[in-house]
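Residues per chain, in single letters:
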Amino acid sequence: MANILVVDDELGIRDLLSEILNDEGHNVELANNAAQARTARAKARPDLVLLDIWMPDTDGVTLLKEWSSTGLLTMPVIMMSGHATIETAVEATKIGAQSFLEKPITMQKLLKAVEAALHRETAPPALRSKPGPGFVAAAPPPAIELTVEAAMTGGQTIPAPVEMGPQARQTFELDKPLRDARDEFEKSYFEFHLAKEGGSMTRVAEKTGLERTHLYRKLKQLGVDLSRGKRAAG
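What comes next is a walk through the structure. None of the values given here were measured: they were computed from a predicted structure.

### Comments concerning helix H9 (residues 212-222)
Think of an α-helix as turning once every 3.6 residues; residues three or four places apart then point the same way.
Alright, step 1. Of all the residues in H9, the buried ones are Arg212, Thr213, Leu215, Tyr216, Lys218, Leu219 and Leu222.
Alright, step 2. Of the surrounding elements, those touching the buried residues of H9 are helix H1 (11-23), helix H5 (107-119), helix H7 (178-196) and helix H8 (201-208).
Alright, step 3. With its phi angle positive at about 80 degrees, glycine 223 sits one or two positions after the end of H9.

Below is the structure:
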């Protein structure tokens, strides 16, 4: 598994991403500003950095540019923001960011982006072969909608959320211990809302009235399969 540095000034975001990534088997280092990120980067090279764009001391794009100009951008970086512009996304891509996640970050998109960043292999320019005689160029790819995510992922699309839960109405077997019956109901309840909200932990938390970190722990306790979307997209 990978060593991942999460840089974000919001405690809730850091805690949520840390818990999800730790549960996937990764080692996670946390930083709440650029200064702490520099220290963490100097102490041990991470395999991947999740970097917030808007931070109080130094913004993420400036830190990315600093790492790039000093030869420290040796790991893939995924930018994060809830209100970035396309211009900012394009700038970060030119500097060296690999992809972008819009907040609120859904679990499916997080795990898909992390997996892609850790496994993407780019051949050095010297190893790329030139087309030989008889080479026919492929048709240009279709135009993509110019969104922030499209600008930073080169048009790669995030897979549609996978249906995770049951229908709104269903029956339960009541001839069982109370705890078992309650767990069965709660599992179906959360699976239904995950499916309805497209896997968005933020919207499910708002819908059910639970804090996101507590919600995540509850889902794991009930055995809700949170990796189903990841496996289906792989």
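So, next bit.
### Here's the deal with the packing of aromatic side chains
Alright, step 1. Scanning the entire structure with this criterion turns up two aromatic pairs.
Alright, step 2. Summarising the aromatic geometry, the rings of tyrosine 189 and phenylalanine 190 are spaced 5.2 Å apart at their centres and angled 75 degrees between planes, so their arrangement reads as edge-to-face.
Alright, step 3. Note on phenylalanine 190: relative accessible area 6%, which makes it buried.
Alright, step 4. Among the aromatic residues, those joined into a ring-pair cluster are Phe185, Tyr189 and Phe190.

### Thoughts on the nonpolar core
Alright, step 1. Ile4, Leu50 and Leu110 are the most contacted members of the largest nonpolar core, which totals 31 residues.
Alright, step 2. Contact partners of leucine 110, with chain neighbours within four places excluded, come to Leu17, Ile20, Leu50, Leu101 and Ile105.
Alright, step 3. Ranked by size, the runner-up nonpolar core spans 22 residues in total, among them Ala34, Val49, Val77 and Phe100.

### Details of the packing of helix H2 (residues 34-43) against helix H3 (residues 60-69)
Alright, step 1. Put simply, H2 and H3 touch, their axes get as near as 11 Å, and they point 30 degrees apart. As the angle between them shows, H2 and H3 are arranged roughly parallel. Here H2 and H3 pass one another in a crossing that is right-handed. Residue-level contacts link Ala34, Ala37, Arg38 and Arg41 of H2 to Leu63, Glu66 and Trp67 of H3.
Alright, step 2. Looking at side-chain class alone, the contact of H2 with H3 contains four nonpolar, no polar and three charged residues.

### Observations regarding the pairing of strand S5 (residues 99-102)
Successive side chains on a regular strand alternate, one facing one side of the sheet and the next facing the other.
Alright, step 1. With four bridges connecting them, strand S4 (residues 77-81) and S5 associate as parallel partners. Each residue of the ladder has a partner; that of serine 81, found in S5, is glutamate 102.
Alright, step 2. Once you follow S4 into helix H4 (residues 86-95) and on to S5, the crossover reads as right-handed.

Quick notes on the rules
- Residues numbered from 1 in each chain as written.
- Predicted model: local features only at pLDDT ≥ 70, side-chain atom pairs only at ≥ 80, totals over all residues.
- Heavy atoms only, no water.
- Buried < 20%, exposed > 50% of the residue type's maximum accessible area, 1.4 Å probe, protein only.
- Helix = DSSP H or I, 4+ residues; strand = E, 2+ residues; numbered from the N terminus.
- Contact = heavy atoms within 4.5 Å.
- Phe/Tyr/Trp six-rings, centres within 6.5 Å; stacked < 30°, edge-to-face > 60°.
- Core = buried A, V, L, I, M, F, W, Y, C linked by side-chain atoms within 4.5 Å.
- Axes fitted to C-alpha atoms, helices over the stretch in contact; angles between N-to-C directions.
- Parallel < 35°, antiparallel > 145°, perpendicular 65-115°, else oblique.
- Left-handed = near helix turned anticlockwise from the far one by under 90°.
- Nonpolar A, V, L, I, M, F, W, Y, C, P; charged D, E, K, R; others polar.
- Pairing = 2+ DSSP bridges.
- Right-handed = clockwise from strand over helix to strand, strands pointing away.

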